[in-house]
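These are the residues of each chain, in order.
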Amino acid sequence: MTAATAATLVVGATGTTGSRTAARLVAAGRPVRAASRRATPLPGAEPVRFDWYDRATFAEALVGCDRVYLVPPVGEPDPAPVMLPFLRLARAAGLRRAVLLSSSAVPRGGPAVGAVHEALPGLFAEWAVLRPSWFMQNFTGVHPHADGIRGEGVVRTATGEGRVGFVDAEDIAAVAVRALTDGPAPNRELVLTGPEALGYDDIARIAGEVLGRPVVHRRLTPEELTATLAERMPARFAALLADLDRAIAEGAEDRVTDTVLRVTGRPPSGFREVVAKELTARRR
Ligand SMILES: NC(=O)c1ccc[n+]([C@@H]2O[C@H](COP(=O)([O-])OP(=O)(O)OC[C@H]3O[C@@H](n4cnc5c(N)ncnc54)[C@H](OP(=O)(O)O)[C@@H]3O)[C@@H](O)[C@H]2O)c1
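The name an unreviewed UniProt entry gives the chain is NAD(P)H-binding protein, with Kitasatospora purpeofusca as the organism.

Draft legend 1. Up close: the site of the ligand. Neighbouring residues of the ligand: 26 residues in total, closest Thr-14, Thr-16, Thr-17, Arg-37 and Phe-135. Thr-14 places a side-chain nitrogen or oxygen 2.6 Å from an oxygen atom of the ligand. Measuring from a nitrogen atom of the ligand, one finds a backbone N or O atom of Trp-52 at 2.9 Å. Protein chains bury 82% of the 920 Å² of accessible surface belonging to the ligand in isolation. When residues of the shell around the ligand are assigned to their parent elements, the largest contribution, 3 residues, is made by helix H1 (residues 16–27). In terms of residue class, the shell around the ligand is built from 11 nonpolar, 11 polar and 4 charged.

Draft legend 2. Region of the structure containing the side chain of His-145. Considering the arrangement of structural elements, one finds His-145 in helix H5 (residues 144–150). For His-145, a relative accessible area of 12% gives the class buried. Apart from the residues lying within four places of it in its own chain, the contact partners of His-145 are Asn-138, Phe-139, Val-155, Arg-156, Thr-157 and Tyr-200.

Draft legend 3. Spotlight on the sheet that holds strand E4 (residues 65–70). Strand order in the open sheet formed by 7 strands is E3-E2-E1-E4-E5-E6-E9, and the pairing between neighbours is parallel. A single partner strand is all that each edge strand has here, and the edge strands are strand E3 (46–49) and strand E9 (188–192). Recorded for the sheet is a direction-independent mean angle of 20° between the axes of neighbouring strands. As paired strands, strand E2 (residues 32–36) and E3 are joined by 4 bridges and run parallel to one another. For Ser-36, the partnering residue across the bridge sits in E3 and is Arg-49. The sheet contacts of helix H4 (residues 114–123) involve strand E5 (97–101), strand E6 (126–132) and E9, and relative to E6 the element is tilted by about 160°. Packing against the sheet, helix H6 (residues 169–181) makes contact with strand E1 (7–11), E4, E5, E6 and E9, and its axis sits at approximately 160° to E5.

Draft legend 4. View of the environment of Gly-194. Structurally, the position occupied by Gly-194 is in the loop between E9 and strand E10 (198–199). In this structure Gly-194 comes out as buried when scored by relative accessible area, which is 1%. In this structure the C-alpha to C-alpha distance between Gly-194 and Pro-267, which are 73 residues apart in sequence, comes to 8.4 Å.

Draft legend 5. Structural context of the UniProt feature "domain: NAD(P)-binding" (unreviewed entry) in the chain. In this numbering, the UniProt entry assigns the feature "domain: NAD(P)-binding" (unreviewed entry) to residues 12–182. Measuring from the first to the last C-alpha atom of residues 12–182 gives 21 Å, for a span that is 35% helix and 19% strand.

Draft legend 6. Fine view of unusual backbone geometry. Non-glycine residue Ala-112 carries a positive phi angle of around 55°. For Ala-112, a relative accessible area of 32% corresponds to the partly exposed category. Positioned with a positive phi, Asn-187 is a non-glycine residue whose angle comes to about 50°. Relative to the elements of secondary structure, Asn-187 occurs in the loop between H6 and E9. Using a relative accessible area of 36% as the deciding quantity, one classes Asn-187 as partly exposed.

Draft legend 7. Local environment of the domain arrangement of the chain. Annotation of the chain at the domain level lists domain 1 (7–132) and domain 2 (134–169 + 193–254 + 267–277). In this complex, domain 1 contributes 8 residues to the contact, which on the side of domain 2 involves 9 residues. Around 720 Å² of area is buried between domain 1 and domain 2 when both sides are counted, 72% of it from carbon and sulfur atoms. If you look at where domain 1 meets domain 2, you find 0 salt bridges. Linking domain 1 to domain 2 there are 1 residue pair in polar contact (both at pLDDT 80 or more). Counting residues per element, the side of domain 1 that touches domain 2 draws most heavily on H1, which supplies 3 residues. A per-class count over the side of domain 1 that touches domain 2 returns 3 nonpolar, 4 polar and 1 charged.

Draft legend 8. Main features of helix H8 (residues 222–229). Within H8 the residues assigned to the buried category are Pro-222, Leu-225 and Leu-229. In an axial view of H8, the angular spread of the buried residues amounts to 60°, which keeps them on one side of the axis. Taken together, the buried residues of H8 touch strand E7 (154–157) and helix H9 (235–249).

Cut-offs used in this document
Numbers given to residues run from 1 along each chain, matching the order in which its sequence is written. The predicted nature of this model means local features are confined to residues of pLDDT at least 70 and side-chain atom pairs, given and counted, to a pLDDT of 80 or more, with totals for whole chains, interfaces and linings taken over all residues. By convention in this description, side-chain values take in all heavy atoms of the structure and omit both hydrogens and water. Whether a residue is near a molecule or strand depends on its heavy atoms: it is near if one of them lies within 4 Å of it. Identification of polar contacts relies on pairs of N or O atoms within 3.5 Å, with a donor-acceptor requirement for protein atoms, meaning one able to donate a hydrogen and the other able to accept it, and with residues adjacent in sequence counted only if both atoms are side-chain atoms. Here the Shrake-Rupley method, with its probe set to 1.4 Å, supplies the accessible areas, and only the displayed protein chains count as covering residues. To qualify as a helix, a DSSP run of H or I must reach at least 4 residues; to qualify as a strand, a run of E must reach at least 2; elements of each kind are numbered from the N terminus. For this classification, the nonpolar set comprises Ala, Val, Leu, Ile, Met, Phe, Trp, Tyr, Cys and Pro, the charged set comprises Asp, Glu, Lys and Arg, and every other residue, Gly included, is treated as polar. Exposed residues in this analysis have more than 50% of their type's maximum accessible area, buried residues have under 20%, and partly exposed residues fall in between, with area computed by a 1.4 Å probe over protein chains only. The contact definition used throughout considers only heavy atoms, calling two residues in contact when any of these lie within 4.5 Å. Only strands that DSSP links by at least two bridges are regarded as paired with each other. Helix axes use the C-alpha atoms of the stretch in contact, all axes being lines fitted to C-alpha atoms, and the angles between their N-to-C directions lie in the range 0 to 180 degrees. UniProt positions are given in the numbering used here, feature names are shortened, and annotations may be inferred rather than shown by experiment. These domain limits were set by an automatic method or by a database of domain assignments. Put simply, buried area is the surface a 1.4 Å probe can reach on two separate parts but cannot reach once they are joined, added for both. Each salt bridge in this description consists of a side-chain nitrogen of Lys or Arg and a carboxyl oxygen of Asp or Glu lying within 4 Å of one another. The arc in question is the one traced by the directions running from the helix axis out to the C-beta atoms.

Structure below.
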């Protein structure tokens, strides 16, 4: 199989960034194998069953592919032992390029997917690690913030006055496609943000203006947030998310980068624009 006809395996193809990345690859005329646990069909892509926790699904998913977009196993505190056997198999199967979705909050060699980031350049000659800030789709898609805004008109955080360079998942997908398909691979990490850093007070105000009804930012302590989140997820994961809010309160995410503009040639979308488009229409 030549590079011109080889497919891109999109892991997490039904999710927030994977679905958009797969759709953009299809629109660009690229063959896509869309991987998820139920092999959910996506327009123009070939569905393939893949489960990070079922190694029997690995080899079949890789057939005909020369590159892969990687969404780590969701909620997994230690993804490296789960992901590395698949990545070694992918390399042995002839895949040349891997683009990993990480997070602005996770440095190379850091906790969770940081260990996979560390290993990636040693496994693939062509690679990129996307480190996006928080997704704007947390307020429009399937997420506690979106549910809170739509339901009670409340966003609960422990971020205080802290600001975040929220980024549109469409912009993440646009960068992912470039990282997967550009002649020279990036071979570096790419920290992705939107055009401005906003506090959650700003988020609530803008969401309220878009919806035409009040939305408030309720400030919790990290302990109060952990208890609230633990009603809908494992306590350990709830504590981890509350810790991330604590870091935001301390200024860890108060930055913007020019990566989206530099890589795609167009500026990233703003928060008001994205919520106005998406908040009333439920999507992932
Ligand atoms: N939300 C944020 O603000 C934010 C910010 C920065 C980074 N991130 C990172 O983004 C990642 C999530 O990416 P996303 O939002 O694109 O995904 P997502 O919307 O959470 O969707 C997860 C995808 O993974 C698939 N999946 C779930 N469990 C799987 C398994 N065991 N094996 C194979 N596939 C599985 C799901 O499909 P099926 O259920 O159909 O299998 C789905 O396609 C996380 O690693 C997070 O750290 C998030």
